Amino acid sequence: MRPAPDDVLFEYDSVGASTGVELEIIEAIDEPFDPERIDVVTRTPTVDLVLSRIRTKMIDLAPDFQRRADIWNQKHQSRLIESLLLRIPLPTLYASEDEGDVWTIVDGIQRLTTIGRFMDPNSIGRERLTLQGLEYLDYNGCTFDDLPGRLQLRLRETELVVHLIRRGTPEAVKFNIFARINTGGLPLSRQELRHALIPGPARSILGELAESVFFLRATDESVNPERMADREMVLRFIAFWLVSLDTYSHADFDHFLREAMRSVNKMTIAEIEDIRDHFARSMKAAYAVFGHYAFRKRYRGNDRKFPINKALFEAVAVNLARQGIRDLGTLMDRCDMVQDGLVNLLTDDPEFERSISQGTGDISKVRRRFSSVKDLFDGVVNARPA
């Protein structure tokens, strides 16, 4: 019998609060990068040119990227405009260039959103910013149109520094570079990077399912969405729903999830609706079978409520989604057997416990956790009534 762990690490949000999700350790793929294929350049466009790019959709601000969109209040935004008027340089922006020359802003969304709100609110679909709380200039209560012409021109001609990762740079290198950026005090999460660098319908679909009443109830509304852990959980469900575990062979787990996000971008309406249906059915069943302990570790003799575990989530959720209606009903009716079986797995099977705790992207561990949960469900469904 394996004792329950004394300490469980959490993921944290931008202010240091727990996200309600267990910290996951995924082994990195140790492959050297060819420096000849890394193409990073520095651009110094004027504010006017940047706004022109935003208006023509040649800059992607990922507006629903909630960690950095609309996080500043009006006073903070006004102080940034004041800095520009005082000719104080802004921190460097970081962007990725796609095949269509569109720049995806990975670090600097808040700064560009603020500039857009003040100078051209229609370009970003926001209400116009009125200055307030300025420290050095007497333009409180002013909009851009209220400023003297010389100051309007000063803002338009201000040059911004942009480090741009050019198209052709390997995607794995792009993600590695942006993962190292720490200008805001907290490195970007992997899902924040996916969201920023892979635009398309998947962004809204993952958000929709993560905000669904079924997901919120199944996870006991305990997953803080700020770092997009909830969207990553949905993405992982979809990714494993689309593959056969018999043929699963993705050595790079992060690449596997990126490809799944691209697959969602290409789905038909019918395919998306099918995923919605199976996801909702899975979440309803998870709550019916596990209640408030769904997707959490449980050990024999320990009633502690552990945080949500992503690897356990995907294994349980996908296996539930693959059950027929009748078998789902049996699992619900025999929920005590299912719960006891999972407790036994975690307490007595160290290989299964490790498969959801360490190196969770390893092929053998992915297969182990999925097959173990499937065997558990099959055993309960096929058990003879007492």
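All values reported here derive from a predicted model rather than from experimental measurement. (Residues numbered from 1 in each chain as written. Predicted model: local features only at pLDDT ≥ 70, side-chain atom pairs only at ≥ 80, totals over all residues. Heavy atoms only, no water.)

### Focus: the overall build of the protein
Working step 1: Counting secondary structure elements, the protein contains 16 helices and seven strands.
Working step 2: For the protein, the proportion of its 386 residues judged to be buried stands at 51%.
Working step 3: Of the contacts made within the protein by residues no fewer than 6 positions apart, 73% connect residues no fewer than 24 positions apart. (Helix = DSSP H or I, 4+ residues; strand = E, 2+ residues; numbered from the N terminus. Buried < 20%, exposed > 50% of the residue type's maximum accessible area, 1.4 Å probe, protein only. Contact = heavy atoms within 4.5 Å.)

### Digging into the pattern of salt bridges
Working step 1: For the coordinates displayed, the defined rule picks out 30 salt bridges.
Working step 2: Among the ionic pairs, Arg 167 bridges to Asp 101, the shortest N-O distance being 2.3 Å. Linking Arg 167 in the loop between strand E7 (162–165) and helix H5 (171–179) with Asp 101 in the loop between strand E5 (93–97) and strand E6 (103–107), this pair joins segments that are 66 residues apart in sequence.
Working step 3: You can call Asp 101 partly exposed: its relative accessible area is 30%.
Working step 4: One salt bridge connects Arg 236 with Glu 314, and the closest N-O pair in it is separated by 2.6 Å. Here Glu 314 lies in helix H12 (residues 310–321) and Arg 236 lies in helix H9 (residues 229–241), a separation of 78 residues in the sequence. Each of the two residues, Arg 236 as well as Glu 314, counts as buried.
Working step 5: Connected via shared salt-bridge partners are Glu 171, Arg 190, Arg 194, Glu 232, Arg 236, Asp 254, Arg 258, Glu 259, Arg 262, Lys 310, Glu 314 and Arg 369. (Salt bridge = Lys/Arg side-chain N within 4 Å of Asp/Glu carboxyl O.)

### Description of the packing of aromatic side chains
Working step 1: Under the defined criterion, the tally for this structure stands at 13 aromatic pairs.
Working step 2: Residues Phe 240 and Tyr 248 carry aromatic rings whose centres are separated by 5.6 Å and whose planes lie at 40° to one another, so their mutual orientation is tilted. For the pair Phe 240 and Tyr 248, one class covers both residues: buried.
Working step 3: Among the aromatic residues, those joined into a ring-pair cluster are Phe 215, Phe 237, Trp 241, Phe 279, Phe 295 and Phe 313.
Working step 4: Geometry around Trp 103 places Arg 53 over its ring, the cationic atom sitting 4.2 Å from the centre.
Working step 5: The ring of Phe 306 carries Arg 304 above its face, with NZ or CZ at 4.6 Å from the centroid. (Phe/Tyr/Trp six-rings, centres within 6.5 Å; stacked < 30°, edge-to-face > 60°. Lys NZ or Arg CZ within 6 Å of the ring centre and 35° of its normal.)

### Side note on the sheet that holds E6
Across a sheet, paired strands are connected by hydrogen bonds in the backbone, their directions being either parallel or antiparallel.
Working step 1: Strands sit in the order E3-E7-E5-E6-E4 across an open sheet of five strands; the sheet is mixed. At either margin of the open sheet sits one strand with a lone partner, and together these are strand E3 (40–43) and strand E4 (59–60).
Working step 2: The sheet contact formed by E5 and E6 spans four bridges and is antiparallel. Paired with Tyr 94 across the two strands is Asp 107, which belongs to E6.
Working step 3: Sitting on the sheet, helix H6 (residues 190–197) is in contact with E4, E5 and E6, with an inclination near 155° to E6. (Pairing = 2+ DSSP bridges. Axes fitted to C-alpha atoms, helices over the stretch in contact; angles between N-to-C directions.)

### Describing the nonpolar core
Working step 1: In this structure, Phe 237, Ile 238, Phe 240, Phe 295, Phe 313, Leu 331 and Phe 377 are the most contacted members of the largest nonpolar core, which totals 74 residues.
Working step 2: Ignoring any residue separated from it by four or fewer positions in sequence, one finds Phe 313 in contact with Phe 215, Met 233, Val 234, Phe 237, Phe 279, Met 283 and Phe 295.
Working step 3: The next biggest cluster of nonpolar side chains, apart from the first, holds 33 residues, and it includes Val 41, Trp 103, Leu 131 and Leu 151. (Core = buried A, V, L, I, M, F, W, Y, C linked by side-chain atoms within 4.5 Å.)

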